[in-house]
Every structure is written in C-alpha cells, then in structure tokens.
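Single-letter residue listing:
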Amino acid sequence: MVHLKSVHINQDRIPVNEYPFNLPIIKNLGSLAFHKQVTILVGDNGTGKSTLLEAIASNSESILIGGEAFDSELSVKLRDQLKLVWRIKTRKGFFFRANDFNHFINRLKDIKAESRQAIRDIKERDSNSLEVMPYARTLSDLERLYGQGLEVRSHGESFLDLFQARLQPDGLYILDEPEAPLSPLKQLTLISMMKEMVQNNCQFIIATHSPILMAFPDAEILSIQDGMLQQATYDELEHVTLTRDFLNHPERFLRHL
Ligand SMILES: Nc1ncnc2c1ncn2[C@@H]1O[C@H](COP(=O)(O)OP(=O)(O)OP(=O)(O)O)[C@@H](O)[C@H]1O
C-alpha cells in the first residue's frame, strides 16, 4: 500500500522563467501518481530529480537525514506550490541525500564528543549529580542505534548501518542517489533491506543512476524524457541499455573517446 498517492503542482502564478519553475520537468509536471510501493526516478544529470524530491520531502515534513535544513529557498518556493495527496499521512521515514551523508556522520561524532565532555564536566562538579542523565541517554541511544559508531565504519558500511538502524515499518523513504557509496554487492544488500521493508508497508521514492537499483522487482519506473516524466520499462532505459552494451563491448565505446 502506498502512503503518498500523488503530487500535484499548482501552475497558476508561478514564475516560469525562474529556477526551479523553469525546469522542464516542473513545467510539465501537472500530476504525478504513485501506484507502487517503490518508485524509481530516472533521468540524465540536471533534469531536476533532486529538486523535485527535495520539494516533495519538504512538503511532506520528512526528516532530513544529515542535511542542515531544506536549504534552498528555491526548493521551498516549489514546495509551496505542491499539493500532496495521502492515503494516510505517515510521520515515519526520512529524506536522504547521499551528498549529506558525511555531514551526518560528523554531526553524530560531535554529539557523542559533546555528551562525553558534558558528563565529565558534571561529574567533576558533583559525582552524584543526576544532570548527567540526558547526556548518558543520548550516548546510549546512539550506541543502541549505531553500535560503536558510524564513523569507525567505511563509507559504504556506515551507510548500510544507517539504513539498518533507521528503516522502520510504515515509513515513507525518499532517497536521492542512495547507491553513491555502495559497491554492486552492497547495492544488492540495500535492495534486500528495501524488499523486507516493502513487506512491512513502507514506500520508497528513489532517484538513482544505478541500473542495479532500477531493477528492484515490481518497481514503477518513471523516466524523464524530453522534460516529461513517463512510465518506462527496465529494458528500455538508456542507463540500462548503455551499461549493458558497454559491459558486453567496452572496447567499442572506448575506441571513440
Ligand atoms: N539553486 C539553484 N539555482 C539555479 N539553478 C539550480 C539550483 N540548483 C540546481 N539548479 C539547476 O537545476 C537543474 C536540476 O538540478 P537537479 O540537481 O535537481 O538535477 P538532478 O536531475 O538531480 O541531477 P543529478 O542527476 O546530476 O543529481 C540543474 O541544471 C541545476 O544546475
């Protein structure tokens, strides 16, 4: 079952010559329906996938993992023109951009260091003080979620740890290029985690360039063609055909570069 059924854009009174409204994908959006629990957005660089996902996530009040805030004033403008239709609005889930991930890990590291320091300072003043409790709770919550710490894992490992820790049933997960740090094998691990969460009533909307993630079983694939989002099959995607042809005959491509 999908939580988010559709997105509509109010085309009245939008400044069509300004970013993000000047992007063809936004100009042509109209209504976008989500029919399956997994939607894969595919398109060339710069076609507007991140812009659209950020505006949807911001409108749905999604938790932003790792980023400072729904930054661009510009995507906020787009957010305000969107109308989201829910089956039942879920508060679970998050918005995740691979680009924000390092920031997220560093922030967790800082929170732990600050909490440890606060505990030391309080204990020096009064070794029996209960003031340490909130800091101790923060540390134990982080340890329960992420074990020793995401910062002591490799980029790809910590990324999967995060998903393992934070995916929960009934959530809406909006992911922007989650394949970024993952080896092909670990992308399969991510697919396996997602399959489990789909059985637990989760919905995923994912922008990706990975032909592996695009193969998620029974996903709805929306491909950006000539500035329009259109349903597509896996085998007709350029990402897939080009990768397949390249892997079969790399020399044919490299010869011309
Ligand atoms: N703040 C901004 N001001 C003006 N133009 C912007 C801004 N942010 C992005 N753009 C432009 O909007 C277009 C769409 O960007 P966006 O990041 O949404 O594309 P994308 O499809 O996610 O690309 P990629 O696959 O490379 O991540 C790009 O041409 C980009 O240069």
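Above this note sits the structure.
Residues numbered from 1 in each chain as written. Predicted model: local features only at pLDDT ≥ 70, side-chain atom pairs only at ≥ 80, totals over all residues.

Some details on the overall build of the protein chain
Rules: Runs of E in the DSSP output that reach at least two residues are strands. Runs of H or I that reach at least four are helices, and both are numbered from the N terminus. Residues with at least 20 other C-beta atoms within 10 Å of their own are called buried, those with 12 or fewer are called exposed, and the rest are partly exposed. The C-beta atoms themselves are positioned from the backbone. C-beta atoms are first placed from the backbone for all residues, and any pair lying within 7 Å is then listed as a contact.
Along the backbone of the protein chain there are ten helices and ten strands. Within the protein chain, the proportion of its 257 residues that are buried is 30%. In the protein chain, the share of contacts with a sequence separation of at least 24, taken over all contacts with a separation of at least 6, comes to 74%.

As for the environment of L172
Within the secondary structure, L172 is located in strand β7 (residues 172–176). It is 6.6 Å that separates the C-alpha atoms of L172 and F94, two residues lying 78 residues apart in sequence. The residues touching L172, leaving out its near neighbours within four places in the chain, are H3, L4, S60, S62, T90, G93 and Q203.

Concerning the nonpolar core
Convention followed: As used here, a nonpolar core is made of buried Ala, Val, Leu, Ile, Met, Phe, Trp, Tyr and Cys residues. They are joined through C-beta atoms within 7 Å.
Grouped together as the largest cluster of nonpolar side chains are 47 residues, with contacts concentrated most on I40, L53, I56, Y173, I174, F204 and I206. Sorting elements by how many residues they give to this core places helix α2 (residues 49–59) first, with five residues. Discounting residues that sit within four places of it in the chain, I40 has contacts with I206, T208, L213, M214, F216, A219 and I221.

Brief notes about the sheet that holds strand β5 (residues 82–86)
The cut-off we apply is this: Strands were regarded as paired on the criterion that DSSP finds at least two bridges between them. Between N-to-C directions, angles cover 0 to 180 degrees, with each direction set by a line fitted to C-alpha atoms, over the stretch in contact for helices.
Reading across the sheet, the three strands line up as β2-β1-β5 and stay open at both edges, with antiparallel pairing between neighbours. The sheet terminates laterally at β2 (31–33) and β5, the two strands that pair on one side only. Each strand axis lies, on average, 15° off the axis of its neighbour in the sheet, ignoring direction.

Points about unusual backbone geometry
Residues Y19 and P20 are joined by a peptide bond in cis, for which omega reads 0°. Residue position: P20 is located in the loop between β1 (4–9) and α1 (24–27). Positive phi, normally seen in glycine, also occurs at E177, with a value near 50°. Within the secondary structure layout, E177 lies in the loop between β7 and α7 (184–199). The class of E177 is partly exposed, set by 19 C-beta atoms lying within 10 Å.

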